[in-house]
Amino acid sequence: MEALVEMKNIRKEFSGVVALDSVSFDVRPGEVHLLLGENGAGKSTLMKILSGIYTPTKGTILLGGNEFSELSPKKSKEMGISIIYQELSVVNDLSIAENLFVGKLPTKKWLSAIPVVDKAAYMKKAEETAKRVGLTKPVTTNVGQLSISEKQLVEIAKALVENSKLLVMDEPTSSLTEEETKNLFKIINELRSSGIGIVYISHKMKELKEIGDRVTVLKDGKTVGTKDMADIHSEEEIISMMVGRELQKTFFGEKDVEYTPENIVFKAEHISRKDGKTKDISFELYKGEVLGVAGLVGAGRTELMNAFFAGESYEKGDIWLNGKKVPVGTPYTSIKNGIAMITENRRETGIFPNFGIKENLVLVNRLLKSKWGGFYGAIHPKWDQELAEKEREEMQVKCSSLAQMITELSGGNQQKVIVGKWMAANAEMIIFDEPTKGIDIGTKTEMYRIMRELAQKGIGVIMISSEMPELLGICDRIMVLNDGRLKGILNKDEVTEEKILQTATM
């Protein structure tokens, strides 16, 4: 069967650094081709070449019977290629419908002469597509009012209205519930049966057998191999290809925690939000423990943390850190008092995308040392350099230099920089919101190690996660929320996936 697209011997260099080294990859009509590898393996670079964002240093692309040495974004679109990137590109100030048709609004002739936007046509198509991907909000709703998972569905719908021949999905289920994931797989199967080819990038091992036809694994910019999924007999086989070794399964919550009043790091009492997304929640976090936060989408996990960290819709409640009552105010107030939060959306609220790695590592520390809320204070280049080098080494950030732009790093390395930023600021408690979203198996293990080491140093660690195995593997206790209320806190010796779901639906 002739391939929809074939990339041959692709090489890409950035300032002498080889990102891709003679990589070949193809997609057939009506197949789901899994593209896997650790962060930094070259997956995103290969797809950016296919979308025309990057120009290959060497190699050719066969597409629609034509051979190209490079593609432009416009040419890639014209040839029927659509890419849903891991980092969302929706426009928050536009409606769902406007997002689906931004830059391509259909028109009709008014008075048989003047072209005007055909609102009825695009609204009808928007409603049909939104329904197809399971979006329940009216298409007139501003995207800024949607949750992360709903924004992800908007991204998928945007690609569907393009009538693409080839669709690239980069971590499409990273923010979806189990039910939403099933709906997405239904959509993928419909697309596959209509002859559309799909490149599917994911780090969720459990999805691969269910959805994939073939798998190609990249490592360090090179092709490890391509196999039919029918010939893959275990997750461990794929993981071994990705990391170059068998991954040791380690349980990270092995230390006993003393649940005594004098061992409390953080305490929250009667936290409530004005919008009702958090209702009278109280809990304690102890030294040496990683406290998990579980619940279905809409349970109020992130909303609870945003209430006391950022003062978002805060109505009432008190918090204490290491025995000291601290005010609920703004993120700056929390940071000044030693509370840090690593948000779910790295691109929008986790990094400073216009700066390099060094600036991202030291800016919060610099803010804390300055006066008048950061408006006044001397910059010490030597101190900044030493601090950044220290955190880069401790977090094992893979980069060409500290001057490299943070947006050039893989998702996993960006996450390490964010953790390093808070360590440089001497945070006494860190909230991790979906910390392993969109990062590879090897980097996930490193993140677990980092969280456990922070807890053992006496730093408070709270982790929100939608992945049950992750919660069970890393957390000492798991706090379960439903509809903004605390339904229970489960100890590691009693917790199971079934118990979490049972508690979450009480």
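Everything numeric here is computed off the predicted structure, so don't read it as measured data.

Attention now goes to the overall build of the protein chain. A count of helices and strands for the protein chain gives 17 helices and 22 strands. In terms of C-alpha radius of gyration, the protein chain reaches 24 Å, essentially the compact-globule figure of 23 Å for 506 residues. Counting only C-alpha atoms, the protein chain reaches 70 × 55 × 50 Å along its principal axes. Across the 506 residues that make up the protein chain, the buried fraction comes to 51%. The contacts in the protein chain between residues at least 6 apart in sequence include a share of 67% that link residues at least 24 apart. Here the protein chain has roughly 23000 Å² of accessible surface; of this, 50% comes from carbon and sulfur atoms.

Consecutive residues of a regular strand have side chains that alternate between opposite faces of the sheet. Burial analysis of strand S11 (residues 214-219) places five of its six residues in the buried class, the great majority of the element. Here four bridges tie strand S3 (residues 32-36) to S11, and the two strands are oriented parallel to one another. Along S11, the bridge assignment pairs His 33 with Arg 214. Two elements, S11 and strand S12 (residues 222-228), share six bridges in a ladder whose sense is antiparallel.

Take the nonpolar core next. Counting 73 residues, the largest nonpolar core has Phe 266, Phe 283, Met 305, Trp 422, Ile 430 and Phe 432 as its most contacted members. With near-sequence residues (within four places) excluded, Phe 266 lies in contact with Phe 283, Glu 284, Leu 285, Phe 308, Ile 319, Trp 320, Leu 321, Ile 339 and Met 429. In this structure, Ile 96, Phe 101, Leu 146 and Val 215 belong to the second largest nonpolar core, which totals 48 residues.

Glancing now at the confidence of the model for the protein chain. Across the protein chain, the average pLDDT comes to 86, with 94% of residues at 70 or higher. Taken as a whole, residues 246-251 scores under 50 in pLDDT and shows seven contacts with residues more than four places along the chain or in a different chain.

Attention now moves to the pattern of salt bridges. Applying the stated criterion to the full structure yields 27 salt bridges. Arg 214 is paired through a salt bridge with Asp 26; the nearest N and O atoms lie 2.8 Å apart. Taken together, the positions of Arg 214 in strand S11 and Asp 26 in strand S2 (residues 17-27) put the pair 188 residues apart, joining distant regions of the chain. For Arg 214, a relative accessible area of 6% translates into the label buried.

Cut-off values and rules
- Residues numbered from 1 in each chain as written.
- Predicted model: local features only at pLDDT ≥ 70, side-chain atom pairs only at ≥ 80, totals over all residues.
- Heavy atoms only, no water.
- Helix = DSSP H or I, 4+ residues; strand = E, 2+ residues; numbered from the N terminus.
- Rg over C-alpha atoms; globule rule 2.2 N^0.38 Å.
- Buried < 20%, exposed > 50% of the residue type's maximum accessible area, 1.4 Å probe, protein only.
- Contact = heavy atoms within 4.5 Å.
- Areas by Shrake-Rupley, 256 points an atom, 1.4 Å probe, with all protein chains shown as cover.
- Pairing = 2+ DSSP bridges.
- Core = buried A, V, L, I, M, F, W, Y, C linked by side-chain atoms within 4.5 Å.
- pLDDT = per-residue confidence, 0-100.
- Salt bridge = Lys/Arg side-chain N within 4 Å of Asp/Glu carboxyl O.

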